[in-house]
Amino acid sequence: MRKRSTVLTVLLCTVFLLTACQRPAEPADKVTDADSKTDTAGFENIKVRTLDGTDTDMNSILNNAELTVFNIWEPACSSCKSEMEVLAQLGDQYSGKGVQIIGIVKGVAQKNDEEALAVISETGANYIQLQDSEALEKMLPGLYEETPSTLLYSRNKKQLGTVYAGARDQDFWGKELEKYHSKICENDHPADCAVG
């Protein structure tokens, strides 16, 4: 009897640990509406450097589109690669429609890192790639907890929704981009509001 009780206890503990360690993907309907976070004071003044060594700032980047998608990834992360392929396709689909994809290469703070360049070439993620920095990590801490992680911002520097931790598929990102693009599209930027 004691042996059966011990086996049952071990089984229950194992099931509990396995389910406690799993983190299910957050469903799209639990994402908060546009303008959920407006505490970005100073965000636009952050100096950043692209992977090719070009200096810029977040203000310049955010002013380039109605909707900016920041995706943090690591060269050794396989799920990052699959999501980068999806984002690259959507970036092409939304080209000229006010949406831009920006990669942040976690852990890479040097110009033209060979491993990062190989992943970009493999995935077709030829959008702007930023080098990692302490300033970015301080301003976007939720984005750094898991890779890949993705965050959307409007032109007026407001966070849209939440941090999306973990890789998502083409269908998910297509719906999210369309949802937020249609909410923030402004008629004073006709090229950015183009549809179809």
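As shown above, the structure is provided for reference.
Bear in mind the structure is a predicted one, so any value in this text is a computation, not a measurement.

*Asks:* So what about the environment of Glu74? Which residues, and what values?
*Replies:* Locating Glu74 in the fold gives a position in the loop between strand E3 (67–73) and helix H3 (78–93). For the pair Glu74 and Val119, spaced 45 residues apart in sequence, the C-alpha separation works out to 9.2 Å.

*Asks:* Hey, could you go over the sheet that holds strand E7 (residues 159–165) for me, with residue numbers and the actual values?
*Replies:* Taken in spatial order, the five strands line up as E5-E4-E3-E6-E7 in an open sheet, and their pairing is mixed. The sheet terminates laterally at strand E5 (128–131) and E7, the two strands that pair on one side only. Recorded for the sheet is a direction-independent mean angle of 20 degrees between the axes of neighbouring strands. Where strand E4 (residues 99–105) meets E5, four bridges bridge the pair, whose relative direction is parallel. Within the sheet, the bridge partner assigned to Gly103 lies in E5 and is Gln129. Sitting on the sheet, H3 touches E3, E4, E5 and strand E6 (149–154), and the angle it makes with E3 is about 160 degrees.

*Asks:* Talk me through the environment of Trp73; I want residue IDs and the actual numbers.
*Replies:* Assignment of secondary structure puts Trp73 in strand E3. Residue classification places Trp73 among the buried positions, given a relative accessible area of 0%. For the pair formed by Trp73 and Ile104, sequence separation is 31 residues and the distance between their alpha carbons is 6.3 Å. Here Trp73 is in contact with Cys80, Met84, Gly103, Ile104, Val105, Lys106, Ala116, Val119, Ile120, Gln129 and Thr147, once residues within four sequence places are set aside. Engagement of the side chain of Trp73 in a polar contact is seen with the side chain of Gln129, the distance being 2.9 Å.

How each quantity is defined
Residues numbered from 1 in each chain as written. Predicted model: local features only at pLDDT ≥ 70, side-chain atom pairs only at ≥ 80, totals over all residues. Heavy atoms only, no water. Helix = DSSP H or I, 4+ residues; strand = E, 2+ residues; numbered from the N terminus. Pairing = 2+ DSSP bridges. Axes fitted to C-alpha atoms, helices over the stretch in contact; angles between N-to-C directions. Contact = heavy atoms within 4.5 Å. Buried < 20%, exposed > 50% of the residue type's maximum accessible area, 1.4 Å probe, protein only. Polar contact = N/O pair within 3.5 Å; in protein donor to acceptor, adjacent residues only side chain to side chain.

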